[in-house]
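The primary structure of each chain is shown beneath.
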Amino acid sequence: MVGAMAVPLRRAGTAVFALILAAFATPTRHAAAAPGAWEWLSARQGPGQFTFPQSPAVGPDGRLYVADGTSSQVQVRDARGQWTIIAPEGTLPGQVDGPGSLCLSGDGTLYVLERGNRRLQARGPGGSWQVIDYPAPITTQPHPVALAADSAGTLFLIDGTTSAMTLWTRKPDGEWQDTGERWPSEAEPVVPSQITADPKGGLYVLEVSVPKRFGGRLRHWSASGGWEQVAPTGTATGMLYQVAGMAPTPQGEIYVSDLPNMGLRIQKRDAQGNWSLVPVPTTDTSASGSLAAEADGELFLTENAYQGVWWRDVSGHWAKIGAPGKAPGQICFGPVWDVDPQGQVYLGQGSGGAYAGSGSGTVKILSGDNRIDIRAPGGAWERVAVNGSAVGQVFNLVGVAASPSGELYAAESDPLSRLQRRQGDGSWSSLGADSPTGGFNAYWCLSSLAVDGQGTAWVAESGYVGNKPAMRLSTRSLDGKWGYLISDTAGLYSLPHVQPDGKGGCYLWSRAETLSDTGEKAWPQHFDGQSWQDLQSLGSVRELGLGPKGELYIVSRDTGELQQVSPQGDRTTLAPPGLGLGQVAPDLQAIRADSFGRVYLCSRAGVQRYTPPSALVRGDVDGDGQVAIADVVLALRVVAGLKPSTPTLELRADVSPAGTGDGTLSIADAIRLLRYLAGLEAGL
């Protein structure tokens, strides 16, 4: 934390001090290493911005609460339409990791079920937080699934895995009871996906089939009356398929959302049991959406295809009241990315969109939010490509890759099916719709793109041979010549990923969460330029990255941990699975390392970086690998309250007193940095 000596400065004082720094400007200096740490590099979602909105809950005062399971936040929208983050990411009370279910009791208490922290929290009407004890039999290994609360304050909790789930209730006095309800059974292979308290008593339960979670049905449960089916499985009105969300009202109505034909559908069941369709807010809404309803008929929808929060007024009009952040460095959709040896981050996002025509000369882009941002080593983000079909614009972006010399390659699928290159001076050129298969299209999909030090692009594609998953691996030389290394091979890897080894060869593995039953290899392979070698000693690997000294970084498919594997085979665990900082997200896109030995992870939660002790330089406040005047200015801005602080930033900036620091960031640290740069201090 910023220390007690760090009295906030006025803006004018900061500007004057910055001018003094300029007078002392000296060449960059290098200092000793300090302990390592994790830090976020991407911009986080702000109030009213979401990466994966879910589980909306409406209070009697009209306040709307929304969980963001990917960004690990809980936000509230007041009656004036203002959003506030009431629970940021973290592990302390009042902080969350992977919030999955929200619900409100009659007195306005908000309950949050966390899948990352595996716990239950309550936020009282006054804003105070407390952790609620889990049922005693399952406190050692909770698996939270769904949560609901009725107006009297009774909690309903479903905990377990897809092979064994249990329904628990908790009375207002804090006593948990096992209801005896279990899922699945041999007769009915279904499990709950969401539960909601019925305002008239009992519990509504949405269920999906296992193991593939298709189908769906809605049932009503009460402790006294048992089970009653409300909607069976099917695609017709009054039936459900791939259920997504539900919201009952005090009037006895219930709204339910599902995806019967790969498109969102909302149905309403009135108090007499009659079903009708409710218009959805947009035809682009093509992924699952959760619902909440107010007593007066207003409806709220969170949909995670385009990360939107929607509000439907009593007249039936929809309006978007929450959306993903779109500033440079913010992640909205599934990212594609890379890092060059200097630590420059290339972040692409391909949302798809609508278009008309075909072929690069006749395509008219109608919608979409494709883009590419670059983060300089000092921390500044810049947008270098926006949505479109012209050279230097991107559409249906499926891959980006950076060469060691700073060139950027971008691959697009249908309808453009092309590869573009951005030179170090910022100019773009199209390499044409040239791939070994004539373009990255729906028949052979680009799975991985990488570029080595010679400018050779390595392309891994996935497709089918007959009805079996298959792959291709090819290279494109700097002069545009393509060559196959693996051609139309079934059963090897269903979702191949490639990483050049810097010596003319590559590593190849499958990023699939679940391996196919066609003999797909669980372990990576290495190609040395002549032959392939199985790396079975690494075990079942979901993701792999290469360090500057030949070390490997792997994520185990079995444990989800990030491990460093030395050239001698020694292993060190760097991060556990999870959604927070210093954790490995389930949707991890890749692992990268720069020439300083810093490790980068990217998922929809954001881009984060681990700096090991050997690479964390004391005094390098902005993390660009050197100590310069910019670091002093940044330290001053943090002390003045003009820039937010982070634990990693404070660790780098804590240089006073000499040798150990004092655990705080203050004016004394900025002054010592300045003296060091002026040659008045021998070291940091």
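Residues numbered from 1 in each chain as written. Predicted model: local features only at pLDDT ≥ 70, side-chain atom pairs only at ≥ 80, totals over all residues. Heavy atoms only, no water.

Looking at the overall build of the protein chain
The secondary structure content of the protein chain amounts to four helices and 50 strands. Per-residue burial for the protein chain yields a buried fraction of 55% across its 684 residues. When contacts within the protein chain are restricted to residue pairs at least 6 apart in sequence, long-range pairs at least 24 apart make up 46% of them. Within the structure as shown, the protein chain displays about 27,600 Å² of accessible surface, and the carbon and sulfur contribution to it stands at 51%. (Helix = DSSP H or I, 4+ residues; strand = E, 2+ residues; numbered from the N terminus. Buried < 20%, exposed > 50% of the residue type's maximum accessible area, 1.4 Å probe, protein only. Contact = heavy atoms within 4.5 Å. Areas by Shrake-Rupley, 256 points an atom, 1.4 Å probe, with all protein chains shown as cover.)

Digging into the packing of aromatic side chains
Across all of its chains, the model carries four aromatic pairs by this definition. Relative to W83, the ring of F50 lies with its centre 5.2 Å away and its plane at 75°, an arrangement referred to as edge-to-face. Taken together, the positions of F50 in the loop between strand 1 (37–40) and strand 2 (53–58) and W83 in strand 5 (residues 83–87) put the pair 33 residues apart, joining distant regions of the chain. Overall, the relative accessible area of 0% leaves F50 in the buried class. Taking the relative accessible area as the measure of exposure, W83 reaches 12% and is therefore buried. Ring centres of F527 and W532 lie 4.9 Å apart, and the angle between their planes is 35°; on these two criteria the pair is classed as tilted. A relative accessible area of 29% means that W532 is categorised as partly exposed. Against the face of W227 rests R219, its NZ or CZ located 3.9 Å from the ring centre. (Phe/Tyr/Trp six-rings, centres within 6.5 Å; stacked < 30°, edge-to-face > 60°. Lys NZ or Arg CZ within 6 Å of the ring centre and 35° of its normal.)

Considerations on the environment of G94
Along the polypeptide, G94 turns up in the loop between strand 5 and strand 6 (99–104). A residue is classified by how much of its surface remains accessible, and G94, at 9% relative accessible area, is buried. Along the sequence, G94 and V74 sit 20 residues apart, while their C-alpha atoms lie 9.7 Å from each other. Here G94 is in contact with I86, A87, P88, Q121 and W129, once residues within four sequence places are set aside.

Remarks on the sheet that holds strand 22 (residues 289–293)
Whenever strands of a sheet pair, they do so through backbone hydrogen bonds, lying parallel or antiparallel. The strand order across the open sheet formed by four strands is 22-23-24-25, and the pairing between neighbours is antiparallel. A strand with exactly one partner marks an edge of an open sheet, and here the two such strands are strand 22 and strand 25 (318–322). Neighbour to neighbour, the strand axes of the sheet diverge by 25° on average, direction disregarded. Judged from the five bridges that link them, strand 23 (residues 299–303) and strand 24 (residues 308–312) form a sheet pairing that is antiparallel. Pairing of T302 across the sheet is with V309, part of strand 24. (Pairing = 2+ DSSP bridges. Axes fitted to C-alpha atoms, helices over the stretch in contact; angles between N-to-C directions.)

Quick look at the pattern of salt bridges
Opposite charge on two side chains permits them to pair, given that their charged atoms come into close proximity. Tallied over the entire structure, the rule returns 19 salt bridges. R217 is the salt-bridge partner of E188, the closest N and O atoms lying 3.0 Å from each other. Note that E188 is positioned in the loop between strand 13 (176–183) and strand 14 (190–197) and R217 in strand 16 (residues 217–222), a separation of 29 residues in sequence. E188 sits in the partly exposed class, given a relative accessible area of 35%. Among the residues examined, R217 registers a relative accessible area of 12% and is labelled buried. Residue D373 is joined to R383 by a salt bridge in which the shortest nitrogen-to-oxygen separation is 2.7 Å. (Salt bridge = Lys/Arg side-chain N within 4 Å of Asp/Glu carboxyl O.)

Focus on the side chain of Q45
The topology assignment puts Q45 in the loop between strand 1 and strand 2. From its side chain, Q45 meets the backbone oxygen of I331 in a polar contact 2.8 Å long. Once residues lying within four places of it in the same chain are set aside, the contact partners of Q45 are F50, T51, S71, Q73, I85, P324, G325, Q330 and I331. (Polar contact = N/O pair within 3.5 Å; in protein donor to acceptor, adjacent residues only side chain to side chain.)

Topic: helix 4 (residues 667–677)
Of all the positions in helix 4, only D669, A670, R672, L673, L674, Y676 and L677 are classed as buried. Phi turns positive one or two residues past the end of helix 4, at G679, with a value near 85°.

Digging into the pairing of strand 30 (residues 371–375)
Of all five residues in strand 30, five are buried, a share of seventy percent or more. Where burial is concerned, the two faces of strand 30 agree: the one with R371, D373 and R375 and the one with I372 and I374 are both buried. With five bridges connecting them, strand 27 (residues 345–349) and strand 30 associate as antiparallel partners. When the sheet's bridge partners are listed, V345 is paired in strand 30 with R375. As paired elements, strand 30 and strand 31 (residues 381–385) share four bridges and run antiparallel to each other.

The values are spatial; any link to function lies outside them.
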